[in-house]
Amino acid sequence: MVKILHTADIHLGAKFAMLGNKGIQQRQQLKNTFKNIIASAINEGVNIVLIAGDLFDSNSQPQGNIDLVVEQFNLLGENKIPVCLIPGNHDPFDSSSIYRKVNFEQICPDVKVFTEAEITYKEYPELDLTVYGKPNLSNKSYTSPLKGLRPSTSTRFHVALAHGSLYIPGKASEDDHPFKLEEINASGMDYIALGHWHHPYICSDNPLARYPGPPEWIPDQKETGSVLVVSFSDSGEAKIESKRIGVRDYDEIEIETSEIGSLEELKKKILTGANQNLVRVVTLKGLHEAELIVKPEDFKNQLEDNFFFLRIDDKSHPKLTKIPEATSQGQLIRARFIKLMQEKIQLSEGDEKIDAENALQYGLALLDGKEVL
């Protein structure tokens, strides 16, 4: 039996500029989560750890991050758990690569860093396993990281590392280290450990190919951070378990202010589900009553202690208390719209009249270039 822990896109050293003063805390959380990954590998009794690119957010790293990685890799070595990793598009194997500045293989004897331009492999006879990989040489590339991937040894199990994008026409960029499903199918691998996409994704079930997503929250990630534990029985039967590792959660909520009757009600909406590890982005939209004076910065200051981080984007606008006369010759479209809607309002009753009045308000806001929908 072979048991693998697969992670990617850890992004040690990420700046988190959007978090302001909380950026320092989240950088520290990435370090803590990296330690949790190593502890989980030991506790789970895995045979090998695979890091499919972007261990670092860039090739410029403080010594503290390097020392942390060396410390944790050697902790795995003490537990006889080897590590295989590839440079990704954020920490590529270029002339300034962190993997040229620091010889992790020399400092950590149980670590293999794939740095050859073409796919190479590392054999683990005691596990009856061969691991294949090649580095990203730059941030962007039209070349598939799976190009030429085929089994090269007689071991029972064959696993590959790759950092790039599954090519989906119209959805993936052609210079984003693209690979195709056909390459996965032709690889002859038992498992392909992928990195680069910041959300979990199943590329293929035969052979198995997975993105785990980042283990801890980073910007543009919506899911909770996790790693994949992949087990192969002696018969070749595979089991994949997603294991939560990350601390932070993230969500985005939209609030239709036309449905809000008071500031207290708005606060209650924003606070729904709040917790100290939640990164929340709130968007206020629609047309609200003129009496409902919304000041996003004041709201943020009042409520942000209930979250790890709170951002409020206000795209709402107050309703017009007085509709201008439809007489302007300089704004014919606006004037005609007002006239038509006022005629409809006069001819309507009940809910239909309310809908027509709201349509007039929204239409005027859109004609004024306001984002209300």
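A quick note: this is a predicted structure, and the numbers were derived from the prediction, not measured.

A. Structural view of the overall build of the protein. Helix and strand counts for the protein stand at nine helices and 19 strands. Relative to its length of 373 residues, the protein is extended, with a C-alpha radius of gyration of 27 Å against a globular reference of 21 Å. Counting over 373 residues, the protein shows a buried share of 49%. Put simply, 68% of the contacts in the protein that link residues at least 6 apart link residues at least 24 apart.

B. Looking closely at the side chain of Thr 130. When you line up the elements, Thr 130 lands in strand β6 (residues 129–133). Within the local environment of Thr 130, its side chain forms a polar contact with the side chain of Thr 153, the two groups lying 2.6 Å apart. Within polar-contact distance, the side chain of Thr 130 engages the side chain of Thr 155 at 2.8 Å. Beyond its immediate stretch of four places on either side in the chain, Thr 130 contacts Tyr 121, Lys 122, Glu 123, Thr 153, Thr 155, Phe 157, His 158 and Val 159.

C. Structural context of the sheet that holds strand β2 (residues 48–51). With mixed pairing, the six strands of this open sheet are ordered in space as β4-β3-β2-β1-β13-β14. Every other strand in the sheet has two partners, leaving β4 (111–113) and β14 (238–244) as the edge strands with one partner each. In this sheet, neighbouring strand axes are inclined to one another by 20° on average, regardless of whether the strands run parallel or antiparallel. As paired strands, strand β3 (residues 83–85) and β4 are joined by three bridges and run parallel to one another. From the neighbouring strand, Leu 85 faces β4, where its bridge partner is Val 113. Those strands touched by helix α1 (residues 23–44) are β1 (2–7), β2, β13 (226–232) and β14, and its axis lies near 170° from that of β1. Along the sheet face, helix α2 (residues 63–78) touches β2, β3 and β4 and points at about 140° away from the line of β3.

D. Looking closely at the pattern of salt bridges. The full count for this structure, using the stated rule, is twelve salt bridges. Note that Arg 311 and Asp 313 form a salt bridge whose closest N and O atoms lie 3.2 Å from each other. Look at Asp 313 and you get partly exposed, because its relative accessible area is 24%. A cluster of three or more residues bridged by salt bridges with shared partners is formed by Lys 3, Glu 44 and Lys 243.

E. Quick look at the environment of Ala 162. Among the secondary structure elements, Ala 162 is positioned in strand β7 (residues 157–163). Each C-alpha atom of the pair Ala 162 and Phe 179 lies 9.4 Å from the other, and the pair is 17 residues apart in sequence.

F. Molecular detail of the nonpolar core. With 42 residues, the main nonpolar core has Phe 34, Val 49, Leu 55, Phe 73, Tyr 99 and Phe 104 as its most contacted residues. Elements with a contribution of two residues or more to this core: α1, β2, α2, β3, α3 (98–101), β4 and β16 (278–285). Ranked by residues supplied to this core, first place goes to α2 with six residues. Non-local contacts of Val 49, meaning those with residues more than four positions away in its chain, are made with Leu 5, Ala 41, Leu 76, Ile 81, Pro 82, Val 83 and Cys 84.

G. Layout of the packing of aromatic side chains. Following the criterion strictly, the structure yields eleven aromatic pairs and no others. With a centroid separation of 4.7 Å and 10° between ring planes, the pair formed by Trp 197 and Tyr 211 is classed as stacked. Within this pair, whereas Trp 197 is found in the loop between β10 (191–195) and β11 (201–205), its partner Tyr 211 is found in strand β12 (residues 208–211), the two being separated by 14 residues in sequence. Here the two residues Trp 197 and Tyr 211 agree in accessibility, since each one is buried. One Lys or Arg, Lys 267, reaches over the ring of Phe 299 and ends 5.9 Å from the middle of that ring.

H. Broad picture of the packing of helix α6 (residues 263–271) against helix α7 (residues 296–303). At their nearest, the axes of α6 and α7 sit 11 Å apart, and the two run at 55° to each other. Relative to α7, α6 is oriented oblique. Every pair of crossing elements has a handedness; the one defined by α6 and α7 is right-handed. Contacts from Leu 263, Leu 266, Lys 267, Ile 270 and Leu 271 in α6 reach Phe 299, Gln 302 and Leu 303 in α7. For the contact of α6 with α7, the per-class residue count stands at six nonpolar, one polar and one charged.

I. Fine view of α7. For α7, every residue scored as buried is listed here: Phe 299, Lys 300 and Leu 303. Projected down its long axis, α7 carries its buried residues within an arc of 100°, all on one side. Summarising the contacts, the buried residues of α7 are in contact with α6 and β18 (309–314).

J. A look at the packing of α1 against α2. Two elements in contact, α1 and α2, have axes whose closest approach is 10 Å; the angle formed by their N-to-C orientations is 5°. In this view, α1 runs roughly parallel relative to α2, as classed from their interaxial angle. Packed against α1, whose contacting residues are Lys 31, Phe 34, Lys 35, Ile 38, Ala 41 and Ile 42, the element α2 presents Asn 65, Leu 68, Val 69, Glu 71, Gln 72, Phe 73, Leu 75 and Leu 76 at the interface. A class-by-class count of the residues in the contact of α1 with α2 yields nine nonpolar, two polar and three charged.

K. Highlighting the sheet that holds strand β15 (residues 249–256). Spatial ordering of the open sheet is given by β15-β16-β18, a layout of three strands whose pairing is parallel. Edge positions in the open sheet fall to β15 and β18, since each of these has one partner strand only. Across the sheet, the mean angle from the axis of one strand to that of its neighbour is 15°, orientation sign disregarded. Pairing analysis gives six bridges linking β16 to β18, with the strands arranged parallel. Considered in β18, the bridge of Arg 280 is made with Leu 310.

Reading the values: rules and limits
Residues numbered from 1 in each chain as written. Predicted model: local features only at pLDDT ≥ 70, side-chain atom pairs only at ≥ 80, totals over all residues. Heavy atoms only, no water. Helix = DSSP H or I, 4+ residues; strand = E, 2+ residues; numbered from the N terminus. Rg over C-alpha atoms; globule rule 2.2 N^0.38 Å. Buried < 20%, exposed > 50% of the residue type's maximum accessible area, 1.4 Å probe, protein only. Contact = heavy atoms within 4.5 Å. Polar contact = N/O pair within 3.5 Å; in protein donor to acceptor, adjacent residues only side chain to side chain. Pairing = 2+ DSSP bridges. Axes fitted to C-alpha atoms, helices over the stretch in contact; angles between N-to-C directions. Salt bridge = Lys/Arg side-chain N within 4 Å of Asp/Glu carboxyl O. Core = buried A, V, L, I, M, F, W, Y, C linked by side-chain atoms within 4.5 Å. Phe/Tyr/Trp six-rings, centres within 6.5 Å; stacked < 30°, edge-to-face > 60°. Lys NZ or Arg CZ within 6 Å of the ring centre and 35° of its normal. Parallel < 35°, antiparallel > 145°, perpendicular 65-115°, else oblique. Left-handed = near helix turned anticlockwise from the far one by under 90°. Nonpolar A, V, L, I, M, F, W, Y, C, P; charged D, E, K, R; others polar. Arc of directions from axis to C-beta.

Functional significance is not addressed by these values, which are geometric in nature.
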